[in-house]
Amino acid sequence: KNLCFAHVSLVPSLGDPAEQKTKPTQHSVKSMMQLGLRPDFLCCRGKEQLEPSTVSKLSLFTSVPKGAIVSLHDVSNIYRVPLMMIEQNVHSMLAQRLRMGPYEKGVDYSAVEDLTQIEESDVIKDWKKLADSVDEPESECVIGIVG
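Trainee: Help me out: how do you make sense of the pattern of salt bridges in this one?
Mentor: Close approach of charged atoms allows side chains with opposite charge to pair. Scanning the entire structure with this criterion turns up 5 salt bridges. The salt bridge partner of Asp40 is Arg97, with a shortest N-O separation of 3.1 Å. In this pair, Asp40 sits in the loop between α1 (23-34) and β4 (41-46) while Arg97 sits in helix α4 (residues 90-97), placing the two residues 57 residues apart along the sequence. When its relative accessible area of 12% is taken as the criterion, Asp40 is described as buried. Across the salt bridge formed by Asp74 and Arg45, the nearest N and O atoms sit 2.9 Å from each other. Here Asp74, found in the loop between β5 (69-73) and α3 (80-87), pairs with Arg45, found in strand β4; they are 29 residues apart in sequence, far enough to count as distant. Taking relative accessible area as the criterion, Arg45 reaches 34% and is therefore assigned partly exposed.

Okay, structure coming up:
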């Protein structure tokens, strides 16, 4: 009831044209399941956002619902990662999984509504300003190395 397994895995893009490969994630989830651990969420790292066909394939072979598969693709700076997770409603899915707030048994994670209104909070607005400031610096900095 009060525990959540989020499995972070690489989904590499190989070939020309680039194709997202799901085998590494499938094998790591299989290894977890052999140990008696079933992931509630798959957080998939990669260069590009997960394609719908990749999400479907991962869901089929790992038994993780499509709505619980999160794309953690490359962004301009590290401060954008939490914002990307908010866009994918991860905070509401975690609240649902951990039964924090109104709980519905057997709910589809992709249908979980945002009850937190976190995007409107001052903390997130400040965080967006920080992420923007890293992308658009005010001035240059010269660094000298002696040695």
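Trainee: What is the right way to look at the sheet that holds strand β1 (residues 6-10) in this model?
Mentor: In sheet architecture, strand pairing relies on hydrogen bonds along the backbone and comes in two forms, parallel and antiparallel. Pairing within the open sheet is parallel, and its 3 strands lie in the order β1-β4-β5. Of all the strands in the sheet, the pair left with one neighbour each is β1 and β5. Strand after strand, the sheet turns through a mean of 25 degrees between neighbouring axes, direction not considered. Sitting on the sheet, α1 is in contact with β1 and β4, with an inclination near 145 degrees to β1.

Trainee: Any chance you could explain a nonpolar patch on the surface here in plain terms?
Mentor: A cluster of nonpolar residues, Ile78, Tyr79, Trp127, Leu130 and Val134, forms a patch on the protein surface that exposes about 430 Å² of accessible area. Locating Ile78 in the fold gives a position in the loop between β5 and α3.

Trainee: Just to check I follow, could you spell out unusual backbone geometry for this structure?
Mentor: Excluding glycine, most residues fall at negative phi; most peptide bonds, likewise, are trans. Here Asp16 and Pro17 are connected by a cis peptide whose omega angle stands at 5 degrees. Tracing the backbone through its elements, the reader meets Pro17 in the loop between β2 (13-14) and β3 (19-20). Phi is positive for Ser63, close to 65 degrees, though the residue is something other than glycine. Looking at where Ser63 falls in the secondary structure, it is placed in the loop between α2 (52-62) and β5. Of note in the backbone geometry, Asn89 takes a positive phi value of approximately 65 degrees without being a glycine.

About the thresholds
- Residues numbered from 1 in each chain as written.
- Predicted model: local features only at pLDDT ≥ 70, side-chain atom pairs only at ≥ 80, totals over all residues.
- Heavy atoms only, no water.
- Salt bridge = Lys/Arg side-chain N within 4 Å of Asp/Glu carboxyl O.
- Helix = DSSP H or I, 4+ residues; strand = E, 2+ residues; numbered from the N terminus.
- Buried < 20%, exposed > 50% of the residue type's maximum accessible area, 1.4 Å probe, protein only.
- Pairing = 2+ DSSP bridges.
- Axes fitted to C-alpha atoms, helices over the stretch in contact; angles between N-to-C directions.
- Contact = heavy atoms within 4.5 Å.
- Patch = residues over 30% accessible without salt bridge, like charges linked within 9 Å, V, L, I, M, F, W, Y side chains within 5 Å.
- Areas by Shrake-Rupley, 256 points an atom, 1.4 Å probe, with all protein chains shown as cover.

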